[in-house]
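# What the coordinates show
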Amino acid sequence: MKTFCGFLIMCTSINLSSQSGKTIVKNEWNLLDDSTYSISYPKTWTIDTSGENGTKFYLFSPFLSEQDNFKENVNLLIQDMEEFQITLDEYTEFTIDDIKNNVLNSTIIESTRKNAHGYEFHKMVYNGEIRNNNITFFQYYYIKTNKVYLLTFTSETSQYSRYLPVCERIMDSFILK
């Protein structure tokens, strides 16, 4: 199980994208509307639904300048957990252990249970070093019909507060169907 959770954390943090949905323009935001979920994101961000790293999508921010070499991003990874019959509490425990064991100089900033859109989920915010970069992760994870939906915002720690308002809007727009 530890290997599984380590794989999840590293997949969501290393890439700086498989199921297609339709994208609908809604004011200054786009809506990715899939049969099992929907999420809104700024029109200025780009979407990748190629399935890279086993994700359903990546949403990439634009670069801030010519010197910027990191695109903050949101991604969704869905893992079938039918074999494990894992609860949200168990998944949270494994995730915390995995962060401590696999993210260099990690600090858990927030770990709280939430409810929205009729579903209970867990919010995890932590930072650490990945490939010599200080990175902050903002995650929501849900369990529905033996599947974990791991939604992650990844940012350079130095840019996190700048992106937090848009990150929260994107993350909070996520709806399981």
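Above this text sits the structure in question.
The following refers to the structure shown. (Residues numbered from 1 in each chain as written. Predicted model: local features only at pLDDT ≥ 70, side-chain atom pairs only at ≥ 80, totals over all residues. Heavy atoms only, no water.)

## Considerations on the packing of aromatic side chains
For clarity, the cut-off: Here is the rule: rings of Phe, Tyr and Trp (six-membered ring for Trp) pair when centre to centre is within 6.5 Å. Planes less than 30 degrees apart are stacked, more than 60 are edge-to-face, and the remainder are tilted. Starting at the N terminus, helices and strands are each numbered in turn, a helix being any DSSP run of H or I of at least four residues and a strand any DSSP run of E of at least two. The rule is simple: take the accessible area with a 1.4 Å probe, protein chains only, and divide by the maximum for that residue type; under 20% is buried, over 50% is exposed, in between is partly exposed. Two conditions define a charge located above a ring, namely a distance within 6 Å from the ring centre to NZ of Lys or CZ of Arg, and an angle within 35 degrees of the ring normal.
Applying the stated criterion across every chain, the model contains twelve aromatic pairs. Judged by centre distance (5.3 Å) and plane angle (45°), the rings of Tyr142 and Phe174 are tilted. A residue pair is termed long-range when its members are at least 10 positions apart, and Tyr142 in strand 9 (residues 133-144) and Phe174 in the loop between helix 3 (160-173) and strand 11 (175-176) qualify at 32 residues. In this structure, Tyr142 and Phe174 share a single accessibility class: buried. Connected via pairs of aromatic rings, a cluster forms that spans Tyr37, Phe57, Phe121, Phe138, Tyr140, Tyr142 and Phe174. The ring of Phe63 has Lys71 lying over it, and the distance from NZ or CZ to the ring centre is 5.0 Å.

## Focus on the pattern of salt bridges
Here is the rule we go by: Any carboxyl oxygen of Asp or Glu that lies within 4 Å of a side-chain nitrogen of Lys or Arg is treated as forming a salt bridge with it.
Tallied over the full model, the rule gives four salt bridges. With a shortest N-O distance of 2.3 Å, Lys177 and Asp33 are connected by a salt bridge. Separated by 144 residues along the polypeptide, Lys177 in the segment after strand 11 and Asp33 in strand 2 (residues 29-33) bring together distant segments of the chain. Residue Lys177 is classed as partly exposed on the basis of its relative accessible area, which comes to 40%. Arg113 is the partner of Asp89 in a salt bridge, and the nearest nitrogen-oxygen pair spans 2.8 Å. Of the two residues, Asp89 sits in helix 2 (residues 88-102) while Arg113 sits in strand 7 (residues 104-116), which places them 24 residues apart along the sequence. Given a relative accessible area of 48%, Asp89 falls into the partly exposed group. In this structure Arg113 comes out as partly exposed when scored by relative accessible area, which is 30%. The structure contains a network of salt bridges with shared partners spanning Asp89, Arg113 and Glu120.

## Focus on the sheet that holds strand 4 (residues 46-48)
As a reminder, the rule being used: Strand pairing is defined by DSSP finding a minimum of two bridges between the two strands. Angular values range over 0 to 180 degrees, each being the angle between N-to-C directions of two axes fitted as lines to C-alpha atoms, with helices fitted over their stretch in contact. Working rule for contacts: check all heavy atoms of both residues, and any pair within 4.5 Å makes them a contact.
Read from one edge of the open sheet, seven strands run 4-5-6-10-9-8-7, paired in antiparallel fashion. Strands at the two margins of the open sheet, each flanked by one partner only, are strand 4 and strand 7. If you compare each strand with its neighbour and ignore which way they point, the axes differ by 15° on average. The sheet contacts of helix 2 involve strand 7, strand 8 (119-130), strand 9 and strand 10 (147-156), and relative to strand 7 the element is tilted by about 165°.

## Here we look at the environment of Thr87
Following the sequence through the fold, Thr87 ends up in the loop between strand 6 (73-80) and helix 2. The class of Thr87 is partly exposed, set by a relative accessible area of 39%. In sequence terms Thr87 and Asn146 are 59 residues apart; their C-alpha atoms lie 8.8 Å from each other.

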